[in-house]
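Structural description and commentary
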Amino acid sequence: MNLPNMADAKRRTKKEIKILYDDYNSDEYSELGKDKKYLILTYGCQMNVHDSENIAGIMEDVGYTRTEDMDEANVIIVNTCAIRENAHNKAEGMLGRIKHLKETKDITVIFCGCMAQEEKLVNKIVKNKWIDIICGTHNYHKIPEYIAKLNKEKNICEVYSMEGDVIENLPVTRDSLYTAWVNIQYGCDKFCTYCIVPYTRGKQRSRLSEDIINEVRELYNNGYSEVTLLGQNVNAYGKDFDNGYDFATLLGEVSQTGIPRIRFVTSHPWDFTDKMIEVISKCDNIMPYIHLPIQSGSDRILKLMGRKYTIKEYLELVKKIRDHIPNVSITTDIIVGFPGETEEDFEMTLDIVNKVKYDLAYTFIYSPRESTPAASMKDDTPLSVKKGRLARLNELINKYALESNQKMLNNTYNVLLIGESDKKNKFMGYTENMKLVNVKCDESYVGKIVPVKITDVKTWSLDGEINDR
Ligand code: 5AD
Ligand code: SF4
């Protein structure tokens with residue numbers, strides 16, 4: 001048994017990062033899933049969504065077939081998120097349901113992802129014994145080995161609180177045939193004071209550029225039209241190499257593959273270079289969409305958050321981006337109610353939203369996370385006040401989201417259609433600047449980039465029709 005340890009998870013050494021090309025090996029387990037089904041439940045960010053694509057690839061590699069029906073599953077995998085308390089609550093609610101199910105039939109339950117890296121939580125759930133396998137973010141490629149071991153051991157808990165390696169040879173079953181996630185970097189070394197990610201995902205490790213480019217080339221050859229380069233802090237890509245190869249260089253090389261659309265998330269305002277702006281503005285296949293989390297509009301709070309930029313610097317960056325990248329969408333993340341946030345600090349956040357006029361923003365009430373520095377800061381703002389601030393912020397965000405959509409009305413934009421919409425008889429897709437469009441058309445357009453005229457706009461989406469004239 002290996003239990004998580006938050007002090008170890010915080011440690012960063014000069015240890016060289018290992019890139020492993022043969023660490024995943026399923027030879028012994030090829031019959032493990034014969035005539036059996038797995039179901040995977042995913043919570044959290046794109047990183048988790050993509051990890052689940054790898055876990056699905058692994059399960060299928062050892063013979064399991066996928067099901068979406070809990071009653072049919074032999075193995076249920078819960079891939080969890082730790083970023084805020086409500087992500088915890090959702091996963092814990094689901095575990096309750098699965099526990100009931102396990103009382104009625106023989107199923108293997110696997111608990112993995114970011115929550116599995118949390119020391120206090122795992123110390124608690126490991127005692128319950130009904131979860132068969134607990135494994136963290138560093139070793140899900142060993143799931144087949146753990147399932148096989150269950151014959152001899154009753155419960156397995158293998159969580160590594162280590163800086164981490166890069167494992168290159170994982171199978172993948174992607175959710176889409178048209179758009180793909182491509183990891184460029186794992187982990188994070190920024191240690192923003194509110195954030196648990198550097199503890200749950202380990203040290204920043206960049207993948208080698210040739211491995212990334214080969215993956216993008218292969219996706220393009222297999223008919224994919226769009227890749228999203230993934231990392232907690234993509235613009236710090238390559239800082240762990242010490243050879244000057246940086247994110248701007250990588251973007252330029254990925255662009256050369258010719259794949260029609262390239263996106264990337266998430267950018268930290270701190271590492272965003274002029275060279276990146278230049279490459280994005282020059283390459284037509286790098287999409288004009290930048291997610292640039294600001295977190296707060298108050299310099300005092302930004303300092304307490306450990307964000308290492310000022311509002312003045314952030315605004316200068318936004319101006320540079322807008323001056324050089326036509327039609328760019330800028331979106332953000334904002335936390336309200338960080339410990340010690342005053343009404344005045346919060347009004348500075350409203351002020352910055354009024355200045356930047358974001359296309360969209362993801363807003364959160366601060367949630368204390370285990371072992372993070374902010375969790376021990378004095379926080380005497382009542383929850384009701386925080387909720388009031390969130391509502392005021394959302395109202396403003398929605399106003400600008402609608403305004404930015406209204407500017408698009410009656411114009412025509414290229415949309416990559418990716419699948420059925422929840423609106424009847426419509427298909428959904430995204431413009432280059434990442435606006436969701438529901439398009440009246442037939443299924444034959446799915447997978448294609450088509451000109452769409454915007455016929456109606458809402459706060460969160462656009463309606464449109466194919467404009468092939
Ligand atoms: N509480 C609230 N929001 C958080 N985020 C990260 N940690 C916390 C926390 N402890 C938000 C940040 C980040 C986004 C992914 O989640 O805004 O950018
Ligand atoms: Fe968390 Fe900050 Fe790293 Fe983003 S950059 S994952 S907010 S520590």
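Rules and cut-offs
Residues numbered from 1 in each chain as written. Chains lettered and ligands numbered in written order. Predicted model: local features only at pLDDT ≥ 70, side-chain atom pairs only at ≥ 80, totals over all residues. Heavy atoms only, no water. 1 Å grid on protein atoms, 1.4 Å probe; cavity = no way out; pocket = protein on both sides within 12 Å on 5 of 7 lines; lining within 4 Å. Points joined across faces, edges and corners; volume = space filled by probe spheres on them. Helix = DSSP H or I, 4+ residues; strand = E, 2+ residues; numbered from the N terminus. Nonpolar A, V, L, I, M, F, W, Y, C, P; charged D, E, K, R; others polar. Domains from an automatic or database assignment. Pairing = 2+ DSSP bridges. Axes fitted to C-alpha atoms, helices over the stretch in contact; angles between N-to-C directions. Buried < 20%, exposed > 50% of the residue type's maximum accessible area, 1.4 Å probe, protein only. Buried area = accessible area lost by both parts, 1.4 Å probe. Patch = residues over 30% accessible without salt bridge, like charges linked within 9 Å, V, L, I, M, F, W, Y side chains within 5 Å. Areas by Shrake-Rupley, 256 points an atom, 1.4 Å probe, with all protein chains shown as cover. Salt bridge = Lys/Arg side-chain N within 4 Å of Asp/Glu carboxyl O. Lys, Arg positive; Asp, Glu negative; His and termini not counted. Charge placed at Lys NZ, Arg CZ, Asp CG, Glu CD.

Moving on, we get to the layout of surface pockets. The calculated volume of the second largest pocket comes to roughly 740 Å³. Residue lining of the second largest pocket: 35 residues in total, with N54, I167, E168, L170 and Y186 positioned closest to the centre. Among the secondary structure elements, those contributing two or more residues to the lining of the second largest pocket are helix 2 (46–61), strand 8 (166–167) and helix 7 (209–221). Ranked by residues supplied to the lining of the second largest pocket, first place goes to helix 7 with five residues. Each residue belonging to the lining of the second largest pocket can be placed in one class, and the counts come to twelve nonpolar, eleven polar and twelve charged. In terms of domain composition, the lining of the second largest pocket takes at least three residues from each of domain 1 (6–158) and domain 2 (176–287).

With that settled, the discussion passes to the sheet that holds strand 17 (residues 412–420). Read once around its circumference, the closed barrel built from five strands follows the order 17-18-19-21-20, with strand pairing classed as mixed. Between one strand axis and the next, the sheet turns through 50° on average, direction left out of account.

Mapped onto the fold, K152 is located in the loop between helix 5 (143–149) and strand 7 (156–158). For K152, a relative accessible area of 80% translates into the label exposed. Spatially, the C-alpha atoms of K152 and P326 are 61 Å apart, while their sequence positions differ by 174 residues.

So, on to the domain arrangement of the protein. How big an interface is tends to be stated in terms of accessible area lost as the parts join. On domain assignment, one finds that the protein holds domain 1 (6–158), domain 2 (176–287), domain 3 (288–407) and domain 4 (412–466). Each of domain 1 and domain 2 was reduced to a C-alpha centroid, and the two centroids are 26 Å apart. Both sides together, the interface formed by domain 1 and domain 2 hides about 2100 Å², and carbon and sulfur atoms give 61% of it. In terms of surface lost to domain 2, no three residues of domain 1 exceed R12, I17 and M47, which account for 30% of the buried area on that side.

Here the amide bond leading from V265 into T266 is cis, since omega sits at -5°, within 30 degrees of zero. Along the chain, T266 falls in the loop between strand 13 (261–265) and helix 9 (274–282). With phi around 50°, K357 is a residue other than glycine that occupies positive phi space. Secondary-structure assignment places K357 in the loop between helix 12 (343–356) and strand 16 (360–365). Its relative accessible area of 41% is what places K357 among the partly exposed residues. Positive phi, normally seen in glycine, also occurs at M434, with a value near 70°. Taking relative accessible area as the criterion, M434 reaches 30% and is therefore assigned partly exposed.

Attention now goes to a positive patch on the surface. Taken together, the side chains of R322, K357, K399 and K407 present a region of like positive charge at the surface. In this fold, K407 is placed in the loop between helix 13 (383–406) and strand 17.

On to the sheet that holds strand 12 (residues 226–230), then. Reading across the sheet, the three strands line up as 9-12-13 and stay open at both edges, with parallel pairing between neighbours. With one partner strand each, in any of the chains shown, strand 9 (179–183) and strand 13 form the two edges of the open sheet. Each neighbouring strand pair of the sheet contributes to a mean axis angle of 25°, computed without reference to strand direction. Two strands pair when backbone bridges link them, and strand 9 and strand 12 are joined in this way by five bridges, in the parallel orientation. Across the sheet, the residue bridging to T179 is E226, located in strand 12.

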